[in-house]
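Secondary and tertiary structure notes
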Amino acid sequence: MKIKSIDSGSEVQVCDCLVISIDTAGKLGKTAQGVNDTQGGWLERAFARGDISGKRLDTHLVPSTMDGGPAAYLIVGLGDAKSMDEGAAYELGAVITRRLSDRARERVIVASKDFCTEDHFRAFVTGAWTGTAGQDLYQQKPKCYAPLELVFLDGNESLAASGTILGEAMNSTRRWVNEPANFLFPKAFAEQALALGKQYGFEVEVWDEERLANEKCEALLAVGRGSAHESVLVKLRYRGGDSNARPVALVGKGVTFDSGGLSIKPSPSMEDMKCDMAGAATVLGTIVAAARLGVKENIFGYCGLVENMVSADCFRLGDVLRTRSGKTIEILNTDAEGRVVLADVLNVALDDQPQCMIDLATLTGACLVALGTDVCGLFSNNAEFVDMVRMAAEIVGEPVWELPMFDFYADQIKSKVADIKNMGDGRWGGAITAAKFLQEFVGDTPWVHIDIAGPAFADSPKPFRDAGATAAMLRTLIRMLESRAAS
């Protein structure tokens, strides 16, 4: 898809579709008003009859009978225009291209200033990119088509360029998560990271199993031991800040397929477990975006990549694993494997003395029970840092909620035979006890754990996105990193 801007003062050229707006009160955007006034007031009459709606994200595709202009109009509901923010602009951009993705179109013109101010234009363009992609990766006939050319009336070209970078990074992240595990296994992910590092100028280092053993990453290796695919740890180093500045560390859980191991999942629960590497995918996508945007911050990424499979050599319930930090873990459930992998990866990240750390993981079903499928759980050891993440999420429109980290939750992961165990006591507070487990491996470094188990992979579509991977929290991370760099 080619993005360009033209001056709205010029005559609207021939196109497959002109995208215009209306709000809940029936107020037409400037371009829509021009269409209405020059064509006998049909838009106002259609609204009065209830044929079109200004409800947010409602869309109406109407063929045009005019010669020499658009072949059709897409009328998009703004909702309450006064409540427009960055998150709403993102969804509006996405709903436009998603609604038009049913077939190939050569040229689509969007009256962008009727949808959002310049402050929200980057998010609008980002959304327009994500609306063009779905999970139809291996269908002979695609279900999702991007227009060959997407034209914004009076669009800011610089913001359109940065919105494109973010949108492309989100679509790459979504594709990695949507890829089946027979195509994207640990080494395949590492190969893609190496290629992207070379393309966009950040360092990539891959630790194979021999290096992992030498580094005493026994917990990570144990989780991947049952798989035919070799486990790896991928280190990403983007150096956009001062050479002496300590990095921000991003750590991602990368279980490319999770069978549950000996604590095997039921078949329905296993169907989408290709998505259990969404944390690692988000880390890679964020660093690609940061490098392309030129964020003035040193950002290091750490992705622990394994498959959790069943074999004669897989790790077992009752096993005790020694982590890289020296702490020992009693395994009581092999389906609580993500935290075991992250125990070593977080310790590797500490070697680079980060000023702060964020880990992202599809970690617990308990977080879905607590917050549902659309909200990420936040857990932290530092109030100031978690507030920074929360504020960035609020600005971009990604719902998050902080859960408590009281000390008594740590008592629930104490083991009788090892230092800690990988399950809490009973069913209750599972997302929190998992976070308390991770806290054992971050020391005093300011740290935020983001449980993305709900929002990272969607069972059903929404008007602004397909089902499947969502690239949840990538926009939040970029906003947070840009804010840090500007402060």
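Predicted model, so just to flag it, every value in this text is computed and none were measured.

**Side note on the overall build of the protein chain**
- Check the secondary structure of the protein chain and you find 15 helices and 19 strands.
- Computed over the C-alpha atoms, the radius of gyration of the protein chain is 24 Å, within 12% of the 23 Å expected from 2.2 N^0.38 for a compact globule of 487 residues.
- When its C-alpha atoms are laid out on the principal axes, the protein chain stretches across 80 × 50 × 40 Å.
- Within the protein chain, buried positions represent 58% of all 487 residues.
- Contacts in the protein chain between residues at least 24 apart in sequence constitute 77% of all its contacts with a sequence separation of at least 6.

**Considerations on the nonpolar core**
- Counting residues in hydrophobic clusters, the biggest one holds 66 residues, and the most contacted among them are Phe202, Val234, Leu236, Leu284, Ile358 and Ile450.
- Here this core gets ten residues from one element, more than from any other, and that element is helix α10 (residues 278–293).
- Core analysis: the second largest hydrophobic core is formed by 46 residues, Leu212, Leu221, Phe315 and Leu363 among them.

**What about the packing of aromatic side chains?**
- Applying the stated rule across the entire model yields eleven aromatic pairs.
- Here the aromatic rings of Phe121 and Phe152 are separated by 5.3 Å at their centres, their planes lie at 85 degrees, and the arrangement is edge-to-face. With a gap of 31 residues between them, Phe121 in helix α4 (residues 121–130) and Phe152 in strand β6 (residues 149–153) connect regions that are remote in the sequence.
- For the ring pair Phe406 and Tyr409, a centre distance of 6.4 Å and an interplane angle of 10 degrees mean the geometry is stacked.
- An aromatic cluster of three or more residues is present, and its members are Phe115, Phe121, Phe124 and Phe152.
- The cationic tip of Arg237 hangs over the ring face of Phe300; the distance from NZ or CZ to the ring centre is 5.6 Å.
- Residue placement shows Lys327 over the ring face of Phe441; its charged tip is 5.8 Å from the ring centre.

**Focus on the pattern of salt bridges**
- Applying the stated criterion to the full structure yields 28 salt bridges.
- When the shortest N-O distance is used, the salt bridge between Lys462 and Asp374 registers 3.3 Å. Remark: Asp374 occurs in the loop between α12 (365–371) and β14 (376–380) and Lys462 occurs in the loop between β18 (457–458) and β19 (468–469); sequence separation between them is 88 residues.

**Brief notes about the sheet that holds β14**
- Strand order across the open sheet formed by eight strands is β7-β8-β10-β9-β13-β17-β14-β15, with mixed pairing between neighbours. Each edge of the open sheet carries a strand with a single partner, namely β7 (203–207) and β15 (400–402). On average, adjacent strands in this sheet sit at an angle of 20 degrees to one another, irrespective of strand direction.
- By the bridge criterion, five bridges tie strand β9 (residues 248–258) to strand β13 (residues 356–361) in an arrangement that is parallel. Counterpart to Leu250 in the pairing with β13 is Ile358.
- Where α10 meets the sheet, it contacts β8 (232–239), β9, β10 (298–308) and β13, and its direction lies at approximately 140 degrees from that of β9.
- Sheet contacts for helix α15 (residues 474–486): β9, β10 and β13; angle to β13, the most-contacted strand, approximately 175 degrees.

**Some words on a nonpolar patch on the surface**
- A cluster of nonpolar side chains, contributed by Leu262, Ile264, Val310 and Leu317, occupies part of the molecular surface with about 360 Å² of accessible area.
- Inspection of the secondary structure puts Leu262 in the loop between β9 and α9 (267–270).
- Residue classification places Leu262 among the partly exposed residues on the basis of a relative accessible area of 43%.

**Quick notes on the sheet that holds strand β4 (residues 72–77)**
- Pairing in this open sheet of six strands is mixed, and the strands run β1-β6-β5-β2-β4-β3 from one edge to the other. Because the sheet does not close on itself, it has two edges, and the strands there are β1 (2–6) and β3 (59–63). Along the sheet, successive strands turn relative to each other by an average axial angle of 25 degrees, direction set aside.
- As paired elements, β1 and β6 share five bridges and run parallel to each other. The residue bridging Lys2 from the neighbouring strand is Glu149, located in β6.
- Contacts from helix α1 (residues 30–38) reach β2 (17–22), β4 and β6, with the element oriented near 105 degrees to β2.
- In the packing of helix α2 (residues 42–49) onto the sheet, contacts are made with β2, β3 and β4, and the angle to β4 comes to roughly 50 degrees.

**A look at the environment of Leu262**
- Linking Leu262 and Cys314, residues 52 residues apart in sequence, is a C-alpha distance of 7.7 Å.
- The contacts of Leu262, once residues within four sequence positions are left out, are Val310, Cys314, Phe315, Arg316, Leu317 and Thr334.

**Notes on empty space enclosed by the protein**
- The full count for this structure, using the stated rule, is two cavities of 30 Å³ or more.
- Taken as a whole, the largest cavity holds about 70 Å³ of empty space.
- In terms of lining residues, the largest cavity is bounded by Glu86, Arg122, Ala123, Thr126, Leu166, Val396, Arg475, Ile478 and Arg479.
- Broken down by secondary-structure element, the contributors of at least two residues to the lining of the largest cavity are α4 and α15.
- Class assignment of the residues belonging to the lining of the largest cavity gives a composition of four nonpolar, one polar and four charged.
- Estimated volume of the second largest cavity: approximately 30 Å³.
- Thr173, Val177, Ala278, Thr282, Ile452, Ala456, Thr470, Ala471 and Ala472 together form the lining of the second largest cavity.
- Looking at the lining of the second largest cavity, the elements with two or more residues in it are α5 (157–178) and α10.

Thresholds applied
- Residues numbered from 1 in each chain as written.
- Predicted model: local features only at pLDDT ≥ 70, side-chain atom pairs only at ≥ 80, totals over all residues.
- Heavy atoms only, no water.
- Helix = DSSP H or I, 4+ residues; strand = E, 2+ residues; numbered from the N terminus.
- Rg over C-alpha atoms; globule rule 2.2 N^0.38 Å.
- Buried < 20%, exposed > 50% of the residue type's maximum accessible area, 1.4 Å probe, protein only.
- Contact = heavy atoms within 4.5 Å.
- Core = buried A, V, L, I, M, F, W, Y, C linked by side-chain atoms within 4.5 Å.
- Phe/Tyr/Trp six-rings, centres within 6.5 Å; stacked < 30°, edge-to-face > 60°.
- Lys NZ or Arg CZ within 6 Å of the ring centre and 35° of its normal.
- Salt bridge = Lys/Arg side-chain N within 4 Å of Asp/Glu carboxyl O.
- Pairing = 2+ DSSP bridges.
- Axes fitted to C-alpha atoms, helices over the stretch in contact; angles between N-to-C directions.
- Patch = residues over 30% accessible without salt bridge, like charges linked within 9 Å, V, L, I, M, F, W, Y side chains within 5 Å.
- Areas by Shrake-Rupley, 256 points an atom, 1.4 Å probe, with all protein chains shown as cover.
- 1 Å grid on protein atoms, 1.4 Å probe; cavity = no way out; pocket = protein on both sides within 12 Å on 5 of 7 lines; lining within 4 Å.
- Points joined across faces, edges and corners; volume = space filled by probe spheres on them.
- Nonpolar A, V, L, I, M, F, W, Y, C, P; charged D, E, K, R; others polar.

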